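Results of the structural survey
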Amino acid sequence: SPRATCFVIPRSGGASNQQNRYLTTHHVQQKDRISQQGSSSADFERRINAPLLPSLQDDEEDTNNQLRNRNDQDDTSAASSSSPNFNVVSNLVNELGEKLLDKSNNALPKQQQKQRTTSTSSSYSQSSLSRISKAHRSMMAKTSNMRRQRFVTGKYPLYVTVKQNPTKKWLGLAESQICLNGTNIEKSLASYDIFHWLEEDERRELHGDYELLSMELLAEIHVKKPGYVNILPKRGAGSSLTSPPLFDWKSWKSRDSISNGDDQPQPLPPLNEEDLSEQERLWITGFSLTKNRGELRTLDVETGAMSYVNEITARAIKWPNEVASIPRQQYVMNHHPTNSSSTFASSNGEQLEDALLVTDGFLVPGKDKGGLYVVQNPTNSATERRVCLTGVTNLQGDIINGESDWFYHRAVWMDMTGDGRQSILAARAKLPLLQGSSQDDNGTLGKGQLVWLERPMPHTFDVRTGTPLDVDGTVFDPFRPSNTPWKLRILDEGPDVMFSVADLDPQDDTIEVIASQFFSKKLSLHSIKLGLEPKVTFRRVIDDRCGAAFSSVLADLDGLTTMQQADAAHYPMVVDSGSTVVSLNSNDAFSHLLVTSHECSYADSSGETDEHHASTTDTEDFKSEVTASSDGSTSVSSTTQSKIDGGSLFAYRVPIGKDAWKTKPWIRSVIATGFKVQGQLSNMINPGAPGFVYSFFPTREGGIGSDKKWHRPLIGLSGDCAESAYILRPIEEDTIEVGEDRSTKYALMCEIKCSSTVGSLAVGYDDFYTTVAEQQSGYAKIYVPCYEQDKVLVFALGSGEDEVDDGW
């Protein structure tokens, strides 16, 4: 069975008394700044001996048992001692910490000194520190990081390197530690603590000039081969989960000791719709080249409870990609004196099914027979069920009747027929590597199609209640095996990976799909007339010199949300932004299209890395005019093609005016370029960089404070085979060159070097497991999957100022 574990990075502050038995945490008390804070020895004694979480007490006991077996030299002295009641900090404390404890003990009353001495000596004899060699003890003192790993961003870019602490990994602790610009965080000028040594006026000046934010490595989630991470509403998929299944602890805790002891988790209380309305759930999909199964897990952001789909679902969906919520189909009862009937109602997306739409497949032989799957009641061991919408599957989950040679990366729910039915719009691709030459007349290796799957109609409606009924008189279920697979129709050729949907002319009856064509190396537009038989009525190629176009999302880089509604009315409208990070909702105005060029350009083979290998172009932006010719092809005129180096991030400004999007050029600017593939054995199959692009704000409201100074979003990038995640911040320049797009001016704020493939990013705003992890409420949490390292890193943004005054 797939297993998962989550660790909270060690930090300062007392442990919470509220326990959660479904999340493995190591919350270590910090023992610093005592003199600056003016804490008394009694207060220090209270904080350092705060009650442990019961699960941590059990964890430490088992840790000590294993360490006792590892060291025969101290086995005799430790065997007769009782279980430790000292804080888990004793497992990591160095010699300086012991001296601090001795000094604080001298200031206590005699009776408390006696109790403290007894407790401390017993704990120290039982601690892991006392039972390992001096060499390991010294290594722990040097590598253990007991401070919150916080830093601040500003005018200059930060290069954050995530390293693994081998000692903590051996002990089963959260093992990730970060370095800033090549140095330890405690010694860096970007350290949060050093920043707060500045005067208040100096800090305020930094905030005003550079829109400073703080970042913190908050936690790490241990899962197998994480590829895609998605934040979805908690009220949808997974809402019926009331008792999360067990999962393995780290190596220092065996599964048998959990399932046979008092650690058996109690069922969670059911939550009502009001509790679930705004809460988030993290979904993590994973895959492997060698295993004939996929990985699909979920984590409750609030409680830290982890769950996973059953083995039958995992073996059927072998390469899960993007997942999406499923809107609940609405019906309206039309009352008539002689003949009442029901019709479909347009969905507003607020009511969701307890089900998950999963796209599946990849170009790797053996994984290329993908499809679209619906998993009902996912992770609910009693009622989970999966169905394939693109074919009939056998008992092993393989498609035996349907078009199984295609794989899918993205699918969205859309009313394609105009009658309120929520059908599916998707792009699919195939790359028949084992079927000889698969190139078309244009030399394109692969093939893509834009398709839609029609939601089946109920057989009839109940005349009294309007309930939709099936042929046998039971309540109609569109995902019932007798109603699947859904009827699939091809809309157009070309789109193969990602796409977004817009309404470029709200006055007509069409919607526009803007698709990146990875195999054809194009960016195309397809205008679809909605109706009982949807069809493409207009198409054009926006750019055929963009390289291997991968991710394409709609973005508001002009700050239209801060404008008056009348001023933004002439802008195109969003139908589906194309991004799993929702910064634009349906019917919002947008100004640009963001596209990544997924290129395979390798970094320096010598192993030397350039700190600025993925750089923003600032005043040297690449600009081009994309013009359409009479035959529908395009040409890009530019004299600065040499400035494009490797993978890039482009921004296209949408032409404004009646039918301008059909006839006028889409002006292209380069926001960032120079993304290089890090050559690894795991990157041998179709390597490229960067991956997906996202736009988001530091807070859920879209700005910091009432002044809304963040009127332009941040931009996030998953580096994919560049093995990094990137965050870009908007910059304002007083002077720009003629023809430059001021809205596309961005600078690198932070690069997170993970030393593993970063296939995607997720951004949420719910506080992450607040009972243990301290964080600034309401700010974005960035989830970074590290594929080869089997973990997801959780970073938290903040304002750069503490919410609570600590009194010093």
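Now for a look at the structure at hand. (Residues numbered from 1 in each chain as written. Predicted model: local features only at pLDDT ≥ 70, side-chain atom pairs only at ≥ 80, totals over all residues. Heavy atoms only, no water.)

**Quick look at the environment of Lys 658**
- Residue position: Lys 658 is located in the loop between β35 (647-653) and α14 (660-663).
- Note on Lys 658: relative accessible area 63%, which makes it exposed.
- With 153 residues separating them in the primary sequence, Lys 658 and Asp 505 have C-alpha atoms 7.8 Å apart.
- Side chain to side chain, Lys 658 and Asp 505 meet in a polar contact 3.0 Å long. (Helix = DSSP H or I, 4+ residues; strand = E, 2+ residues; numbered from the N terminus. Buried < 20%, exposed > 50% of the residue type's maximum accessible area, 1.4 Å probe, protein only. Polar contact = N/O pair within 3.5 Å; in protein donor to acceptor, adjacent residues only side chain to side chain.)

**Focus: the packing of aromatic side chains**
- Summed over all chains, the structure comprises 14 aromatic pairs.
- Ring centres of Phe 479 and Trp 486 lie 5.8 Å apart, and the angle between their planes is 10 degrees; this geometry places the pair in the stacked category.
- What links up through ring pairs into an aromatic cluster is the set Tyr 228, Phe 518, Phe 519, Phe 550 and Phe 692.
- One cation-aromatic arrangement involves Arg 150 over Tyr 192; the distance from NZ or CZ to the ring centre is 3.7 Å.
- Directly above the ring of Trp 406 sits Arg 428, whose terminal nitrogen or CZ lies 4.2 Å from the centroid. (Phe/Tyr/Trp six-rings, centres within 6.5 Å; stacked < 30°, edge-to-face > 60°. Lys NZ or Arg CZ within 6 Å of the ring centre and 35° of its normal.)

**Concerning the sheet that holds strand β28 (residues 535-543)**
- In space, the five strands of this open sheet follow the order β28-β27-β26-β25-β30, with antiparallel pairing throughout. Both outer strands of the open sheet, β28 and β30 (573-576), are each paired with one neighbouring strand and no more. Strand-to-strand twist across the sheet, computed as the mean angle between neighbouring axes with direction ignored, equals 30 degrees.
- In the sheet, strand β27 (residues 522-529) pairs with β28 via seven bridges, with the strands oriented antiparallel. Bridge assignment links Ser 527 to a residue of β28, and that residue is Phe 538. (Pairing = 2+ DSSP bridges. Axes fitted to C-alpha atoms, helices over the stretch in contact; angles between N-to-C directions.)

**Structural notes on the pairing of strand β4 (residues 176-180)**
- Summarising burial for β4: five of the five residues are buried, a large majority.
- Of the two faces of β4, the one lined by Ser 176, Ile 178 and Leu 180 and the one lined by Gln 177 and Cys 179 are each fully buried.
- As paired elements, strand β3 (residues 158-164) and β4 share five bridges and run antiparallel to each other. Among the inter-strand pairings, Thr 161 is bridged to a residue of β4, identified as Cys 179.
- Of the strand pairs in this sheet, β4 and strand β5 (residues 183-184) are connected by two bridges, and their pairing is antiparallel.

**Looking at the side chain of Glu 295**
- In this structure, Glu 295 sits in strand β9 (residues 295-300).
- Owing to a relative accessible area of 6%, Glu 295 belongs among the buried residues under this scheme.
- Only 2.9 Å separates the side chain of Glu 295 from the side chain of Arg 293, close enough to count as a polar contact.
- There is a polar contact of 2.9 Å between the side chain of Glu 295 and the side chain of Arg 297.

**Considering the sheet that holds strand β10 (residues 306-308)**
- Strand order in the open sheet made by the four strands is β7-β8-β9-β10, with antiparallel pairing throughout. Pairing within the sheet leaves two strands with one partner each, and these edge strands are β7 (226-233) and β10. When the angles between neighbouring strand axes are averaged without regard to direction, this sheet yields 25 degrees.
- Both β9 and β10 contribute to a ladder of three bridges, which runs antiparallel. Bridged to Thr 298 within β10 is Ser 307.

**Some thoughts on the pattern of salt bridges**
- The full count for this structure, using the stated rule, is 30 salt bridges.
- Notably, a salt bridge pairs Glu 311 with Arg 293, separated by 2.8 Å at the nearest N-O pair. In this pair, Glu 311 is assigned in helix α13 (residues 311-316) and Arg 293 in the loop between β8 (280-286) and β9, connecting sequence segments 18 residues apart.
- We note a salt bridge from Asp 477 to Arg 385, for which the minimum N-O separation is 3.5 Å. Residue Asp 477 is found in the loop between β23 (468-469) and β24 (487-493), and its partner Arg 385 is found in strand β16 (residues 385-388); the two are separated by 92 residues along the sequence.
- On the accessibility criterion, Asp 477 (23% relative accessible area) is partly exposed.
- Among the charged side chains, a network of salt bridges with common partners joins Arg 293, Glu 295, Arg 297, Glu 311 and Arg 315. (Salt bridge = Lys/Arg side-chain N within 4 Å of Asp/Glu carboxyl O.)

**Quick notes on empty space enclosed by the protein**
- Evaluation of the coordinates by the stated rule reveals seven cavities of 30 Å³ or more.
- There is about 80 Å³ of room inside the second largest cavity.
- In terms of lining, the second largest cavity is formed by 14 residues, of which the most central are Glu 322, Met 498, Thr 580, Phe 692 and Tyr 694.
- When contributions to the lining of the second largest cavity are tallied by element, the ones reaching two or more residues are β7, β29 (549-555) and β37 (693-696).
- Looking at the lining of the second largest cavity, the element that brings in the most residues is β7, giving three residues. (1 Å grid on protein atoms, 1.4 Å probe; cavity = no way out; pocket = protein on both sides within 12 Å on 5 of 7 lines; lining within 4 Å. Points joined across faces, edges and corners; volume = space filled by probe spheres on them.)

**Focus on the nonpolar core**
- Within the largest apolar cluster, 52 residues are counted, with the highest numbers of intra-cluster contacts made by Met 215, Phe 696, Ile 752, Val 784, Phe 795 and Leu 797.
- Elements with a minimum of two residues in this core: β3, β4, β6 (214-222), β37, β39 (724-730), β40 (746-753), β42 (781-786) and β43 (791-798).
- In this structure, Val 784 is in contact with Ala 725, Cys 754, Val 758, Leu 761, Lys 791, Val 792, Leu 793 and Phe 795, ignoring residues within four places of it in sequence. (Core = buried A, V, L, I, M, F, W, Y, C linked by side-chain atoms within 4.5 Å. Contact = heavy atoms within 4.5 Å.)

**So, the environment of Lys 753**
- Its location among the elements puts Lys 753 in strand β40.
- Residue classification places Lys 753 among the buried positions, given a relative accessible area of 14%.
- Taking the C-alpha atoms as reference points, Lys 753 and Gly 719, separated by 34 residues in sequence, lie 9.3 Å from one another.

**So, the pairing of strand β26 (residues 510-517)**
- Of all eight residues in β26, eight are buried; the element is thus mostly enclosed.
- In β26, alternate side chains face the same way, and those of Thr 510, Glu 512, Ile 514 and Ser 516 on one face and Ile 511, Val 513, Ala 515 and Gln 517 on the other are all buried.
- Direction of pairing for strand β25 (residues 499-503) relative to β26: antiparallel, over a ladder of four bridges. Across the sheet, Ser 500 pairs through a bridge with Ile 514, a residue of β26.
- Connecting β25 to the next strand, β26, in antiparallel fashion are six residues.
- The pairing of β26 with β27 spans eight bridges and is antiparallel. The partner of Val 513 across the bridge, within β27, is His 526.
- Between β26 and β27, which pair antiparallel one after the other, the connecting turn spans four residues, and Lys 521 there sits at a positive phi close to 55 degrees.

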